[in-house]
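Residues per chain, in single letters:
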Amino acid sequence: MSQAIRFRPQVELARTVGVDVGKVRHPHYGRYLEEFEPGQVFVHPRGFTFFRAQMEAFARTYMQCNPLYLNEEFARASGFTGLPASPQMVFNVVLSLGVQNDSEKAMANLGYYDAQYLQPVYAQDTIRSLTKVIDRKERGAGKPGIVTIRTLGINQNDQVVLQYQRKIMVAGQGGRPPTTPLPTSADGLMPAFPWVDDAAVVLPRFPDVLPAGLTGPRSCCEDFAVGEIIVHANGRTITDEHLPLTYAVGNTHPLHFDRVFSSGLSGKMSGDPIVYGGLVFAWLEGLASRDVSDNSVWELGFTEGYHTQPSIAGDTVAALSRVLASEDAPGELAGRFGIVSFQLIGVKNVSAAEALAKHGADLFIKENDKKDLGKEKIDEKIFEIERRLLIRKRR
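Counting of residues starts from 1 at the beginning of each chain's written sequence and follows it residue by residue. Confidence filtering applies because this is a predicted model: local features only for residues at pLDDT of at least 70, side-chain atom pairs given and counted only at 80 or more, and all residues used for totals across whole chains, interfaces and linings. Processing note: side-chain calculations cover all non-hydrogen atoms of the structure and skip hydrogens and water entirely.

Colleague: Give me the overall build of the chain: which residues, what numbers.
Modeller: Scanning the chain from terminus to terminus reveals eight helices and twelve strands. Computation of the radius of gyration draws on C-alpha atoms, with the globule rule given as 2.2 Å multiplied by the number of residues to the power 0.38. At 23 Å, the chain has a C-alpha radius of gyration in line with the 21 Å of a compact globule built from 395 residues. Projected onto the principal axes, the alpha-carbon positions of the chain cover approximately 75 × 65 × 40 Å. Evaluated residue by residue, the chain yields a buried proportion of 49% over its 395 residues. Partitioning the intrachain contacts of the chain with sequence separation of at least 6 by distance along the chain shows that 79% fall at a separation of at least 24. Computed with a 1.4 Å probe, the accessible areas rest on the Shrake-Rupley method; for each residue, only the protein chains presented here act as cover. When the accessible surface of the chain is summed, it comes to about 19,400 Å², and 53% of that surface belongs to carbon and sulfur atoms. By the counting scheme adopted, Arg and Lys are positive, Glu and Asp are negative, and His together with the chain ends is not counted. For charged residues, the charge sits on one atom: NZ in Lys, CZ in Arg, CG in Asp, CD in Glu. Averaging the positions of the 43 positive and the 45 negative side-chain charges in the chain gives two centres separated by 3 Å. Numbering of helices and strands starts at the N terminus; helices are DSSP runs of H or I of at least 4 residues and strands are runs of E of at least 2. Only protein chains enter the area calculation, which uses a 1.4 Å probe; residues under 20% of their type maximum are buried, those over 50% are exposed, and those in between are partly exposed. Should any heavy atoms of two residues lie within 4.5 Å, those residues are counted as being in contact.

Colleague: Talk me through helix H1 (residues 52-61); I want residue IDs and the actual numbers.
Modeller: Residues of H1 that are buried: Met-55, Phe-58 and Ala-59. Here the buried residues of H1 occupy an arc of 95° about the axis, which is enough to place them on one side. Lining the buried residues of H1 we find helix H3 (87-102) and helix H6 (277-292). Each C-beta atom gives one direction from the helix axis, and the arc is the one those directions make.

Colleague: Account for the pairing of strand S11 (residues 337-348), naming residues and giving values.
Modeller: Counting buried positions along S11 gives twelve out of twelve residues, so the element sits mostly inside the fold. Because side chains alternate across S11, one face comprises the buried residues Phe-337, Ile-339, Ser-341, Gln-343, Ile-345 and Val-347, and the other comprises Gly-338, Val-340, Phe-342, Leu-344, Gly-346 and Lys-348, equally buried. By the convention used here, strands pair only if DSSP detects at least 2 bridges between them. Relative to S11, strand S10 (residues 316-328) is paired through eleven bridges, and the arrangement is antiparallel. By the bridge assignment for S11, Ser-326 is matched with Val-340. Bridge analysis of S11 against strand S12 (residues 381-392) gives eleven bridges, and the strand direction is antiparallel. Its bridge partner lying in S12, Gly-346 is registered against Phe-383.

Colleague: I'd like a rundown of the side chain of His-256, residues and numbers included.
Modeller: Secondary-structure assignment places His-256 in the loop between helix H4 (242-248) and helix H5 (259-263). The contacts of His-256, once residues within four sequence positions are left out, are His-242, Leu-243, Thr-246, Asn-251, Pro-273, Ile-274, Val-275 and Tyr-276.

Colleague: Explain the pattern of salt bridges to me, and be specific about the residues and the numbers.
Modeller: Note on definitions: salt bridges are taken to be side-chain nitrogens of Lys or Arg within 4 Å of carboxyl oxygens of Asp or Glu. Counting across every chain of the model gives 23 salt bridges. Residue Glu-56 pairs with Arg-60 through a salt bridge whose shortest N-O separation is 3.0 Å. Taken as a pair, Glu-56 and Arg-60 lie in helix H1 at a separation of four residues, close to a single helical turn. Residue class for Arg-60 comes out partly exposed when judged on its relative accessible area of 48%. Between Arg-136 and Glu-138 there is a salt bridge, with its nearest N and O atoms 3.3 Å apart. Owing to a relative accessible area of 24%, Arg-136 belongs among the partly exposed residues under this scheme. Judged by its relative accessible area of 53%, Glu-138 is exposed.

Colleague: Before we move on, could you go through the nonpolar core and cite the residues and values that matter?
Modeller: Only buried residues count toward a nonpolar core. Its members are Ala, Val, Leu, Ile, Met, Phe, Trp, Tyr and Cys residues joined through side-chain atoms within 4.5 Å. Within the largest apolar cluster, 69 residues are counted, with the highest numbers of intra-cluster contacts made by Phe-50, Val-90, Phe-91 and Phe-342. Ranked by the residues each element gives to this core, the list is headed by H6, at nine residues. Ignoring anything within four residues of it in the chain, the contact list for Phe-342 reads Phe-224, Ile-230, Val-292, Ser-321, Arg-322, Val-323, Leu-324, Ile-385, Glu-386, Arg-387, Leu-389 and Ile-391. Ranked by size, the runner-up nonpolar core spans ten residues in total, among them Leu-320, Leu-363, Phe-364 and Ile-378.

Colleague: Just give me the short version of H6, but keep the residues and values in it.
Modeller: Count 3.6 residues to each turn of an α-helix, and residues three or four apart come out pointing the same way. The span one expects for a helix is its residue count, reduced by one, times 1.5 Å. In this model H6 runs 21 Å from its N-terminal to its C-terminal C-alpha over 16 residues, within 8% of the 22 Å that 1.5 Å per residue would give. Within H6, 14 of the 16 residues are buried, which leaves the element mostly enclosed by the surrounding structure.

Colleague: Which residues make up the state of the cysteines, and what values do they have?
Modeller: We call a pair of cysteine sulfur atoms a disulfide whenever their separation is within 2.5 Å. Applying the stated criterion to the full structure yields zero disulfides. Cys-220 takes part in no disulfide bond, and the closest cysteine sulfur to it belongs to Cys-221, at a distance of 8.5 Å.

Colleague: Which residues make up the packing of H3 against H6, and what values do they have?
Modeller: Where H3 contacts H6, the two axes come as close as 10 Å, and the packing angle between them is 175°. Viewed along their axes, H3 and H6 adopt a mutual orientation that is roughly antiparallel. Counting all contacts with H3, which are made through Gln-88, Phe-91 and Asn-92, the residues of H6 involved are Gly-278, Leu-279, Phe-281, Ala-282 and Glu-285. Axis lines are fitted through C-alpha atoms, for helices just across the contact stretch, and the angle between N-to-C directions can take any value from 0 to 180 degrees. Each angle receives one of four descriptions, namely roughly parallel if under 35 degrees, roughly antiparallel if over 145, roughly perpendicular if within 65 to 115, and oblique otherwise.

Colleague: Hey, could you go over a nonpolar patch on the surface for me, with residue numbers and the actual values?
Modeller: Nonpolar side chains collect at one region of the surface, where Val-11, Leu-13 and Val-17 lie side by side and expose about 270 Å² of accessible area between them. Relative to the helices and strands, Val-17 resides in the segment before strand S1 (41-43). A residue counts toward a patch only above 30% relative accessible area and without a salt bridge, and it is joined to like-charged neighbours within 9 Å or, for Val, Leu, Ile, Met, Phe, Trp and Tyr, to nonpolar neighbours within 5 Å.

Structure (structure tokens):
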């Protein structure tokens, strides 16, 4: 229902209103270390409606090969009610919606843990994001601290579609002014935070016969042997495209698109804007997809994810996967599907094959463990994570 309203004509005002430099505000976002309180819940602004064209563009931009995210007829024949958004798009949107509140002041993302995709996201679904502060660790005067947070993605029906935990490194406030305060609730209570323990995944009832002929010849569950290393053939050169792609998913951290900001930092983060890590993850996952996930019907989740080196425009990224485990799916799915766990490794400015030839088994050792093992960290290695996929069986 609409209404017609007449407003007075706009007239020039700037010449008649005096400038008062004593009335200046500098809104800024994120949180300093002291501003994080365990138990605090942030309801993030804006939300995000998924549109069909965006979903397909994301899948193709990040080189996704699973037809489940590219071919609507294939998705429907697999039991889904339409084309689902790729897991990487869902993750990137949910994380990015929270940056304004929880990590726009972060110095580093320290890790992703216990991420679980709990149900599909379809075109016209609207996702909002909430974060709860779990822990804050201070490491002494003048040192940045570590904040542990949990984040939820919730759809328009109040159903949790994604939940995960991460750790961020955050500097103290020092002599700087406080950040923009959070709005207060009418009752003064923290908003509900429906994290799901021992969560069930809501999936379609898969048809007796799944579509065939559109996926790779060696990516069914039986094709993966524990211990096998898969060297993904192609790399992907990242250009300045990453600047607009960062805000396409809603990420507001200036480190990823503001050269004045990034060049004013010190250390290895100083210089050109750093590629937002979620985009790097998406490209690496896409590079691996035709070898490991194009027969996957669901990404169950991931954990132990670490960005070990930054990437900038001009870097070329490449990926390797290692099979960590393979087991039957639970219940009635066991005869037709298996769960395969992979370790995904990202490298930059070297091919995946060259990285493996140069570093061998050390490529798959966690970078944070190497000091205790007396090993050197690998400069070309940019990412490591463990992920689980529900993959159909050939028989």
